[in-house]
Amino acid sequence: MRAGDAEDSSNEARYSSNKLIVRLKSEHRRDSGALSEVLSWLPQDARCESEFDELGIAVITLPDGADPVQIAREIEQHEIVEYAEPEFLDSGANK
Amino acid sequence: MPTRLPGIDLLRSLISGVEKQTSLFQGIEDRIRALERAPQNTVEGPRTFQGRPVVKVMWNGEEVEAVQGLVAYRRRQERSPMPGESAERGLNALVLDTSAPDELGIGVIATDEHIEAERATSAAAEMGADVIWTEPVFLDYGTLIPNDPFFSQQWAFPEINAPQGWDLWNGDPNRVVLAILDSGISIESGKLSHPDLSDEQRIFLGRDFVNNDSEPKDDHGHGTHVAGIAGATKNNVTGVAGLWPGSIFILKVFNASNDGSNIAFEKAVTSAVEFASQQGARLVINYSGGGPDSQTKRAAVAHANDNGALIVAAAGNASGGRIIFPAAYSIEFPNVIAVGAIDPQRQRPSFASQGSEMTVVAPGVNILSTLPNYFVTLNSQGKQPKFDRLNGTSQAAPLVAALGALIWSQWPHLSATEVRDKIVQTAVRIPGSDSDFGSGIIDAEAALM
């Protein structure tokens, strides 16, 4: 897991620099060709890390140098996509 | 696991001396054992003892709790009970069972449970001139203090009235799964390896979403510590006690640096929901971590909500900064509890987050619990193996999650929202800001009453 930094509206959010999360709209979650279609929008070396699960969420590994925030914004323009976002990082809450 | 019924020791002591003398006593003992094994009070309603209503009676000018239909009596000892003679003379048709008096001359009469305690006691007093006294079988409460040697150092438990709560609790520990989404648990050679977290009958290993395998081995220490607070084996003359004695499902989402992600959280929530469904059990999810708002995290919380699961999450350690997600979903989702921390003076520790999303607080400073037997990241930060203390809202959250599991096992018909409401409504207010303390510190005794 490689971490980048980004600013959201409230807190500084850390995210993996090479992961993209995509969720399909509910009416497209049974589409057999959805994964191929999503991959066709991404840089050539992008590959699927985990296919769409029961919630319609898939994880894509991006090639080095790709910007998951920018790619997420672009992906979200497509009709079948509910949302796309980076893999934001959490931390255990002990001191 | 047998349920410990209140007052059971008193009743056993009454019959112990003569239990071999009559089949009646063996019958009573058999009933006690059956009741101990059976789920108790699985629906909310009048309290019972041995299947009989517990009622309030006036006795010597005081209102006390007694078991309806049971009467204790004492005969003069110089007179041996005659074979076939029973105490029912004065009670006529009211009597169902009568025990012969023990060596102290004390016995118990069981009447129809619908007969009021005062009436049965009064009637029993008419049994004969050799009867010295009669009285209802009063309900006693013993406060369960575990025999774990470090229990006296676990200040959190008396602070939340856990011993009193344990006395009241008579739920079925198999009805609820407490899923712990964290850095895993102490595992060596593929097996649970911590002496206080080794019960394979109730601690189940789920996925490791960091290394993508089926062995959620803890390489940081955080997860083992959280698991110990929630569910270390109690009364095993070893180490510490945990609050929840029932099923625990371990899922690894934090790596050796104690970092996780929104997608690991989503995968783990989905896995926990599936596991609990397979078990036919209610589900409480503890997440002692968090980070930024995320649509993936929100989808996971919604999935848990749709499936009736309760999520208990740490509010975070942003030193007065905002509450982290998923805890901060507590306003948006009725199945989320945001947990803050307090110190022994019931103050908000300086590290703790604050905000309007705060639901309740629990002790989160100097919390003694379990750590892996082997070297993990926390050992490189000065922590001892096996047992040590940590601070954080991470340590407060599992106390609330475990209480949620206790409540749900006692009243399995409740919804996740109703369990949350019970925790909130029985919390004890702490003077100060709601942003610091929410509805206050959890109270196990009040919540399980």
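Parameters at a glance
- Residues numbered from 1 in each chain as written.
- Chains lettered and ligands numbered in written order.
- Predicted model: local features only at pLDDT ≥ 70, side-chain atom pairs only at ≥ 80, totals over all residues.
- Heavy atoms only, no water.
- Phe/Tyr/Trp six-rings, centres within 6.5 Å; stacked < 30°, edge-to-face > 60°.
- Helix = DSSP H or I, 4+ residues; strand = E, 2+ residues; numbered from the N terminus.
- Buried < 20%, exposed > 50% of the residue type's maximum accessible area, 1.4 Å probe, protein only.
- Lys NZ or Arg CZ within 6 Å of the ring centre and 35° of its normal.
- Pairing = 2+ DSSP bridges.
- Axes fitted to C-alpha atoms, helices over the stretch in contact; angles between N-to-C directions.
- Salt bridge = Lys/Arg side-chain N within 4 Å of Asp/Glu carboxyl O.
- Arc of directions from axis to C-beta.
- Polar contact = N/O pair within 3.5 Å; in protein donor to acceptor, adjacent residues only side chain to side chain.
- Left-handed = near helix turned anticlockwise from the far one by under 90°.
- Contact = heavy atoms within 4.5 Å.
- Nonpolar A, V, L, I, M, F, W, Y, C, P; charged D, E, K, R; others polar.

**Details of the packing of aromatic side chains**
With the rule as written, the count across this model stands at 12 aromatic pairs over all chains. Measuring from centroid to centroid gives 6.4 Å for Tyr 15 of chain A and Phe 88 of chain A, while their planes differ by 90 degrees, and the two rings are edge-to-face. Of this pair, Tyr 15 of chain A sits in strand E2 (residues 12-24) while Phe 88 of chain A sits in strand E5 (residues 81-92), and the two are 73 residues apart along the sequence. Residue Tyr 15 of chain A is classed as buried on the basis of its relative accessible area, which comes to 10%. Among the aromatic residues, those joined into a cluster by ring pairs are Phe 151, Phe 157 and Trp 166 of chain B. For Lys 422 of chain B, the ring lying beneath its charged end belongs to Trp 411 of chain B, and the centroid distance is 4.4 Å.

**Overview of the sheet that holds strand E15 (residues 310-314) of chain B**
Residues and elements named next belong to chain B. Strand order in the open sheet made by the 7 strands is E10-E11-E7-E13-E15-E16-E17, with parallel pairing throughout. Lying at the two open borders of the sheet, with one neighbouring strand each, are strand E10 (203-208) and strand E17 (360-363). Between one strand axis and the next, the sheet turns through 25 degrees on average, direction left out of account. Sheet topology places strand E16 (residues 336-342) next to E17; 4 bridges connect them, and they run parallel.

**With respect to the pattern of salt bridges**
This structure, assessed with the given rule, holds 16 salt bridges over all chains. Where Asp 172 of chain B meets Arg 175 of chain B, a salt bridge forms, and the shortest distance between an N and an O atom there is 3.8 Å. Where salt bridges share partners, they join Arg 23, Arg 29 and Glu 82 of chain A into one cluster.

**Topic: helix H2 (residues 68-75) of chain A**
One turn of the α-helix equals 3.6 residues, which is why residues spaced by three or four share an orientation. Residue and element names in this part refer to chain A. Of all the residues in H2, the buried ones are Pro 68, Ile 71, Ala 72 and Ile 75. Projected onto a plane normal to the axis of H2, the buried residues spread over an arc of 105 degrees and lie on a single side. Its side-chain oxygen placed 3.0 Å from the backbone nitrogen of Val 69, Asp 67 serves as the N-cap of H2.

**Focus on the pairing of strand E2 (residues 52-59) of chain B**
Residue and element names in this part refer to chain B. Direction of pairing for E2 relative to strand E3 (residues 62-75): antiparallel, over a ladder of 6 bridges. Across the sheet, the residue bridging to Val 55 is Ala 66, located in E3. Between E2 and the antiparallel strand that follows it, E3, lie 2 residues; Asn 60 among them carries a positive phi value of about 50 degrees.

**Thoughts on the packing of helix H6 (residues 222-231) of chain B against helix H10 (residues 393-410) of chain B**
Residue and element names in this part refer to chain B. Between H6 and H10, the shortest axis-to-axis distance is 8 Å and the interhelical angle comes to 40 degrees. Here the hand of the crossing between H6 and H10 comes out right-handed. Residues His 222, His 225, Val 226, Ile 229 and Ala 230 of H6 form the contact with H10, whose own contacting residues are Ser 394, Gln 395, Pro 398, Leu 399 and Ala 402. The residue makeup of the contact of H6 with H10, split by class, is 6 nonpolar, 4 polar and no charged.

By themselves, these are just geometric observations and shouldn't be taken as functional.
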